[in-house]
Structures are given as structure tokens and as C-alpha cells.
Amino acid sequence: MKKVLILLMFLFLCRPESGLAGIIVNANVNIESSVSRYTLLSIFSMRLRSWPDGQEIRVFVLPDQYPANDSFIKQELGIFPYQLKNIWDRLVFSGAGQAPVIVSSPQEMLQKVSSVPGAIGYIVENTKGEQDVKVLHVD
């Protein structure tokens, strides 16, 4: 029994990544190349609504069925997907805010973030060569 638990833990910890390449923002967002986990959670929980220069933040997310969605929420935000969804639901149902825009694919995510001023999202493929987005790292 003990060996089975150790094997399961090893498989869970050593599983391949879901392919999450990074957090992206529109090229016109005036922010350094990194962001704190707290700031990122504040943005994706729709509590922080503007960038330091006053520009409105537009949040884009992938649908629930994409593995990168769960991976991003768990690894980068440090919470579970259902917790984030509960936050969005409370904002919407109370009238205090709105949920992020759900895009249909990683390609649409890249297109929206590159074309909408103040946009932020996450991607599953490498963006090397993309002129209209910046990749952020989490501190």
C-alpha cells in the first residue's frame, strides 16, 4: 500500500506540463516583464481593474475544458478553478462586477490580447516573434 501511494505521488508530481507557455499582455501595457502572484490573482479575480497608468484591464480566459486553464489557475494563481469561478459568480450575481471574457481557443486568445488595449491572458504555445504581446513572469 505504501509503495502504491509513493508511486502515485511520484506520477502526480512528475506528470508532463499542460503546455502553459506564459501570461501575456497587450504590447501597449506599461508594465515590467514580471508581476507578483498577488497582483495576478487580483487581476484574474476581477478586483484590480486598471493598470498602474490608469488603463483599463481587459481579462481573457480559455474555456474550462482546456487543460491550460486549470494549470494556469492552480500554478500561477495558487487557487482551484472552482474558487475562481465562485469569485466571478459572486461579482456577476451581486452586480458588483463582471466575469472575464471567455475566448474559444488559444489562437483567439492571442488575437484578442494582441488587439485589445490593456488586455491580459495566458497562452499554451510559444509567442516568440509576436510583436503585439509581451510575456510576463510571476515573481
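For the structure itself, consult the block above.
A quick note: this is a predicted structure, and the numbers were derived from the prediction, not measured.

Would you explain the sheet that holds strand 3 (residues 58–61) in this entry?
Two strands in a sheet stick together by hydrogen bonds in their backbones, pointing the same way (parallel) or opposite ways (antiparallel). Ordered in space as 2-6-1-5-3-4, the six strands form an open sheet in which the pairing is mixed. The open sheet is flanked by strand 2 (34–35) and strand 4 (101–102), the only strands paired with a single partner. Strand direction decides the pairing type here: strand 1 (residues 22–26) and strand 5 (residues 119–123), joined by four bridges, are antiparallel. Residue pairing for strand 5: Ile-23 is matched across the bridge by Tyr-122. Where helix 3 (residues 67–77) meets the sheet, it contacts strand 1, strand 5 and strand 6 (133–138), and its direction lies at approximately 110 degrees from that of strand 5.

Just to check I follow, could you spell out helix 4 (residues 81–94) for this structure?
Note on helix geometry: an α-helix contains 3.6 residues per turn, so any two residues three or four positions apart are oriented the same way. With 14 residues, helix 4 should cover 20 Å at 1.5 Å per step; its first-to-last C-alpha distance of 20 Å lies within 8% of that length. Of all the positions in helix 4, only Leu-84, Ile-87, Trp-88 and Leu-91 are classed as buried. Down the axis of helix 4, the buried set is contained in an arc of 90 degrees. They therefore lie on one face. Among the exposed residues of helix 4, those oriented more than 90 degrees off its buried face are Tyr-82, Arg-90, Phe-93 and Ser-94. In this structure, the buried residues of helix 4 make contact with helix 2 (37–44), strand 3 and helix 3.

Teacher, can you tell me more about the side chain of Ser-105 here?
Within the secondary structure layout, Ser-105 lies in the loop between strand 4 and helix 5 (106–115). Of the residues examined, Ser-105 reaches a relative accessible area of 16% and is grouped as buried. Not counting residues within four places of it along the chain, the set of residues in contact with Ser-105 comprises Leu-62 and Tyr-66.

Definitions and limits used
Residues numbered from 1 in each chain as written. Predicted model: local features only at pLDDT ≥ 70, side-chain atom pairs only at ≥ 80, totals over all residues. Heavy atoms only, no water. Pairing = 2+ DSSP bridges. Helix = DSSP H or I, 4+ residues; strand = E, 2+ residues; numbered from the N terminus. Contact = heavy atoms within 4.5 Å. Axes fitted to C-alpha atoms, helices over the stretch in contact; angles between N-to-C directions. Expected span 1.5 Å × (residues − 1). Buried < 20%, exposed > 50% of the residue type's maximum accessible area, 1.4 Å probe, protein only. Arc of directions from axis to C-beta.

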